Every structure is written in C-alpha cells, then in structure tokens.
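The residues making up each chain are set out below.
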Amino acid sequence: MSEFCLPLRVYIEDTDAGGIVYYVNYLKYMERARSDWLRHQGVTQRELLEAGIQLVVHRLECRYARPAHLDDELSVTAAVESSGRCRLRFRQMVLRDGEPLCEAMVDIACLDATRLKPTPWPPALAAVINGQL
C-alpha cells in the first residue's frame, strides 16, 4: 500500500477566533489530499466528470486527537486500504511533525454522474487502484 502525502500550512481562514483549526477543515484537507492523490495517479476529477463519473464520500469515520494551530505546517496522507468494484477505502491522517492530529477512514463511491448510481471504476483508474494494493 503506497501512501501519498500532501504538505500544507494552516492559514487564518482555517481557524476559529482562538487560532485553532475548525474541525470541518480537517475534512477539507483530506479531500485535497485525495484529489491530489488522484492527480498524482494521472487522473483528474475534471476528466472523470467529463467521462460521466463522479466520486463521492459514502462513509466517513473520523477521530480528532489534537488541535492544529495558525501557521502550523501539516502533512495530510492518503493511502488506499481496500477497494471494491465501485468503492475505495482510504486511510487518512493529518500530522504535525509526525504526530497524528486527526485520523479518518473514508469510503469513496464511484457513481454514474447522470443516474447517481454506483458504477464500476473506469479501466484506467481500476488499474491504478489495483496497483496501490
């Protein structure tokens, strides 16, 4: 299993009045890491949408351990844990200096963008997914 890592910094827009990252922003960071993971594999979400494929979060389990603060340098990981015909499970973490701040298991579903029904992974993406496991 190959782990993708996205570095980012906490900006004022990410925080509450006390300079602590607002909880939902961790999920946004994870979304960015999954999108960049996909791009790193040679596929963009725009290309998928143009092909009639939409990726959606089907299930999310998240645990917050410690807060991130204004100006922190973070690493956000994304690793494929398992896959199915039209589902991917990612293990993701937000870390500061290697210390886990937030951990999540995120299930992504592959949908036909018109019918909004599950559909198998396109062959090129299926090959990428199988190469990650």
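Right above here is the structure, for reference.
Just so it is clear, the model here is predicted, and its values are computed rather than measured.

Engineer: It is not clear to me how the environment of L125 should be interpreted in this structure. Could you clarify?
Structural biologist: Relative to the assigned elements, L125 resides in helix 3 (residues 123–132). Given a relative accessible area of 3%, L125 falls into the buried group. Along the backbone, L125 and S82 are 43 residues apart, and their C-alpha atoms lie at a distance of 14 Å. If we ignore the near neighbours within four places in the chain, the residues touching L125 are L38, V43 and L48.

Engineer: Would you mind showing me how to read the nonpolar core here?
Structural biologist: The biggest cluster of nonpolar side chains holds 33 residues, and the ones touching the most others in it are W37, L74, L88 and L125. Setting aside its immediate chain neighbours within four residues, L74 contacts L6, P7, L8, V10, Y29, A68, V94, L95, R96 and L101.

Engineer: When you look at helix 1 (residues 23–40) in this model, what are you seeing that I'm missing?
Structural biologist: What sets the pattern is the α-helix's 3.6 residues per turn: residues three or four places apart point alike. Given a rise of 1.5 Å per residue, 18 residues ought to cover 26 Å, and the 27 Å separating the end C-alpha atoms of helix 1 matches this to within 8%. For helix 1, the full list of buried residues reads N25, Y26, Y29, M30, A33, R34, S35, W37 and L38. Within two residues after helix 1, G42 carries a phi angle of roughly 95 degrees, on the positive side.

Engineer: I would appreciate a short explanation of a nonpolar patch on the surface in the present structure.
Structural biologist: On the surface, Y22, Y23 and Y64 cluster together into a nonpolar patch covering about 340 Å² of accessible area. Considering the arrangement of structural elements, one finds Y23 in helix 1. Judged by relative accessible area, Y23 falls into the partly exposed class, the value being 48%.

Engineer: Just checking my understanding: could you explain the state of the cysteines for this structure?
Structural biologist: A disulfide bridge is the covalent bond that connects two cysteines by way of their sulfur atoms. By the definition in use, this model includes 0 disulfides. With no disulfide of its own, C5 lies closest to C102 among cysteine sulfurs, the gap being 15 Å. For C5, a relative accessible area of 41% corresponds to the partly exposed category. C102 takes part in no disulfide bond, and the closest cysteine sulfur to it belongs to C62, at a distance of 3.4 Å. The class of C102 is buried, set by a relative accessible area of 0%.

Engineer: Before we go on, may I ask you to explain the packing of aromatic side chains in this structure?
Structural biologist: The description of an aromatic ring pair uses the distance of the two centres, along with the angle that the planes make with each other. One pass over the structure, following the stated rule, counts 5 aromatic pairs. Their ring planes at 55 degrees and their centres at 4.9 Å tell us that Y22 and Y23 sit as a pair that is tilted. Here Y22 falls in the partly exposed class, since its relative accessible area comes to 42%. When the centroid spacing of 5.1 Å and the interplanar angle of 85 degrees are considered together, the rings of W37 and F90 count as edge-to-face. Pair noted here: W37 is in helix 1 and F90 is in strand 4 (residues 87–96), with a separation of 53 residues, a long-range link. Of the two residues examined, W37 and F90, each falls in the buried class. Connected via pairs of aromatic rings, a cluster forms that spans Y22, Y23, Y26, Y29 and Y64.

How each quantity is defined
- Residues numbered from 1 in each chain as written.
- Predicted model: local features only at pLDDT ≥ 70, side-chain atom pairs only at ≥ 80, totals over all residues.
- Heavy atoms only, no water.
- Helix = DSSP H or I, 4+ residues; strand = E, 2+ residues; numbered from the N terminus.
- Buried < 20%, exposed > 50% of the residue type's maximum accessible area, 1.4 Å probe, protein only.
- Contact = heavy atoms within 4.5 Å.
- Core = buried A, V, L, I, M, F, W, Y, C linked by side-chain atoms within 4.5 Å.
- Expected span 1.5 Å × (residues − 1).
- Patch = residues over 30% accessible without salt bridge, like charges linked within 9 Å, V, L, I, M, F, W, Y side chains within 5 Å.
- Areas by Shrake-Rupley, 256 points an atom, 1.4 Å probe, with all protein chains shown as cover.
- Salt bridge = Lys/Arg side-chain N within 4 Å of Asp/Glu carboxyl O.
- Disulfide = S-S within 2.5 Å.
- Phe/Tyr/Trp six-rings, centres within 6.5 Å; stacked < 30°, edge-to-face > 60°.

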